[in-house]
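Listed here are the chains, written in short residue letters.
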Amino acid sequence: VGPPLKDDPEYQKFFKMLKMGIPLGAVQNALKKEGKDPGIINMDPSRPLGEQQSKSKDTKKPSKPKGPKVARKRLHWNKIDESKLHADSFWNQAKEQDLQLVGLDFDNEEFANLFTSEVGKAAAKKDAPADDKKKSRNQKVQLIDGRRRMNGSILLAKFKVDYKVLAKQVDGMECMEAEGNELRGMMQLLPTKDESLALRSYLPPPDAPAQEIDESIAKLGECEQYMAVMLDVPDVKDKFQAMLFRAEYETHADSIREGTETLNQACDAVKNSERFRKLLLYALKLGNALNTGGSNEGVSAIT
């Protein structure tokens, strides 16, 4: 029938993108751009594609009861693997003691009103204000980790320059109005191997019209836009390191100059010290007396 989807050369990279934490919508967009069915990403990655497609054709979907769809608000938390719980942990004790939440009674109707809402075309037309519609149209495509994206956006906000211009400046290693720590931050924001794979899967091919590429980049978030334009800068990391060396050269040179001047002053003080000269002469005289037994074969200088 074929290899499992996760090992299928044609679909392997898309499941890898999903495993990296890239949003489902972005992965589906990448599938569409390559002319593939975006619904494949929702299939079981451990089973072959042909087996799942044939089963979906043979299996009739049960009819769903008609009625308004309901979206329930969720609590966001991190799940703990039960195998990692200590025997005396709170959760194990609660499970063993059959802990009951006495007095926790609530009105089901009030609960539904507070924590659920109808979804669908009717609810969207009724509840969505114009600002929300505009926001959904302007929603950015997210391809990288949320924390990395947030930190990168804060750093890039300091530079009021088009990212294409910035990429050109880096390519030519031009002087920029940026301090060393800012250049170091931009270098750390260069896309990793996995991020580069995700970006290239999303973006049109290099030979696509420039307008199509620009439109795709414009749909990305700030951090992703920066990474996208830096993809095509050759030896970009080495160029950043050269620019960083130039930006911090004077600071390092000043610190070396200060240390060198201190060392020179210390050498002059030792060389001109009357006490040190007398100490060396006493050592020479005592050494000659010990080594020669008082004869006239003594040395005149030592190290």
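Keep in mind the model is a prediction, meaning the values are calculated, not measured. (Residues numbered from 1 in each chain as written. Predicted model: local features only at pLDDT ≥ 70, side-chain atom pairs only at ≥ 80, totals over all residues. Heavy atoms only, no water.)

S.K.: Can you help me understand a nonpolar patch on the surface in this one?
M.R.: Residues Val-270, Phe-276, Leu-279 and Leu-280 make up a contiguous nonpolar surface patch of about 360 Å² in total accessible area. Here the element with the most residues in the nonpolar patch is helix H15 (residues 274-292); it accounts for 3 residues. Classification of Leu-280 by relative accessible area gives partly exposed; the value is 42%. (Patch = residues over 30% accessible without salt bridge, like charges linked within 9 Å, V, L, I, M, F, W, Y side chains within 5 Å. Areas by Shrake-Rupley, 256 points an atom, 1.4 Å probe, with all protein chains shown as cover. Salt bridge = Lys/Arg side-chain N within 4 Å of Asp/Glu carboxyl O. Helix = DSSP H or I, 4+ residues; strand = E, 2+ residues; numbered from the N terminus. Buried < 20%, exposed > 50% of the residue type's maximum accessible area, 1.4 Å probe, protein only.)

S.K.: What exactly am I supposed to notice about the pattern of salt bridges here?
M.R.: Should the charged atoms of two oppositely charged side chains come close, the side chains can pair. Tallied over the full model, the rule gives 11 salt bridges. Two residues, Lys-164 and Asp-214, come together in a salt bridge whose shortest N-O distance is 2.6 Å. One end of the pair, Lys-164, is in helix H9 (residues 163-171); the other, Asp-214, is in helix H12 (residues 210-218), with 50 residues separating them in the sequence. Residue classification places Asp-214 among the partly exposed positions, given a relative accessible area of 33%. Between Asp-232 and Arg-200 there is a salt bridge whose closest N-O contact spans 4.0 Å. With Asp-232 in the loop between helix H13 (222-230) and helix H14 (236-271) and Arg-200 in helix H11 (residues 193-202), the pair connects residues that are 32 residues apart, well separated along the chain.

S.K.: Help me understand the packing of aromatic side chains, please; the structure alone is not making it clear to me.
M.R.: What describes a pair of aromatic rings is the distance from one ring centre to the other and the angle between the planes of the rings. Taken as a whole and judged by the stated rule, the model has 2 aromatic pairs. With a centroid separation of 6.2 Å and an interplanar angle of 75°, the aromatic rings of Tyr-163 and Tyr-226 are classed as edge-to-face. A residue pair is termed long-range when its members are at least 10 positions apart, and Tyr-163 in helix H9 and Tyr-226 in helix H13 qualify at 63 residues. Of the two residues, Tyr-163 and Tyr-226, neither departs from the other in class, the shared state being buried. Ring centres 6.0 Å apart and planes at 55° place the aromatic pair Phe-245 and Tyr-249 in the tilted group. You can see Phe-245 and its partner Tyr-249 sitting in helix H14, 4 residues apart, about one turn around the helix. Residue class for Phe-245 comes out exposed when judged on its relative accessible area of 57%. (Phe/Tyr/Trp six-rings, centres within 6.5 Å; stacked < 30°, edge-to-face > 60°.)

S.K.: Got a minute to help me understand the packing of H9 against H13 in this structure?
M.R.: Between two packed helices, the angle of one axis relative to the other and the distance separating the axes together describe the packing. Look at H9 against H13: their axes get within 9 Å of each other, and the N-to-C directions meet at 40°. Relative to H13, the element H9 lies oblique. Seen from above, H9 lies across H13 with right-handed handedness. Of H13, the residues touching H9 (which contributes Tyr-163, Lys-164, Leu-166, Ala-167 and Val-170) are Glu-222, Gln-225, Tyr-226, Val-229 and Met-230. When grouped by side-chain class, the residues that make up the contact of H9 with H13 number 7 nonpolar, 1 polar and 2 charged. (Axes fitted to C-alpha atoms, helices over the stretch in contact; angles between N-to-C directions. Parallel < 35°, antiparallel > 145°, perpendicular 65-115°, else oblique. Left-handed = near helix turned anticlockwise from the far one by under 90°. Contact = heavy atoms within 4.5 Å. Nonpolar A, V, L, I, M, F, W, Y, C, P; charged D, E, K, R; others polar.)

These figures come from the coordinates and say nothing about function on their own.
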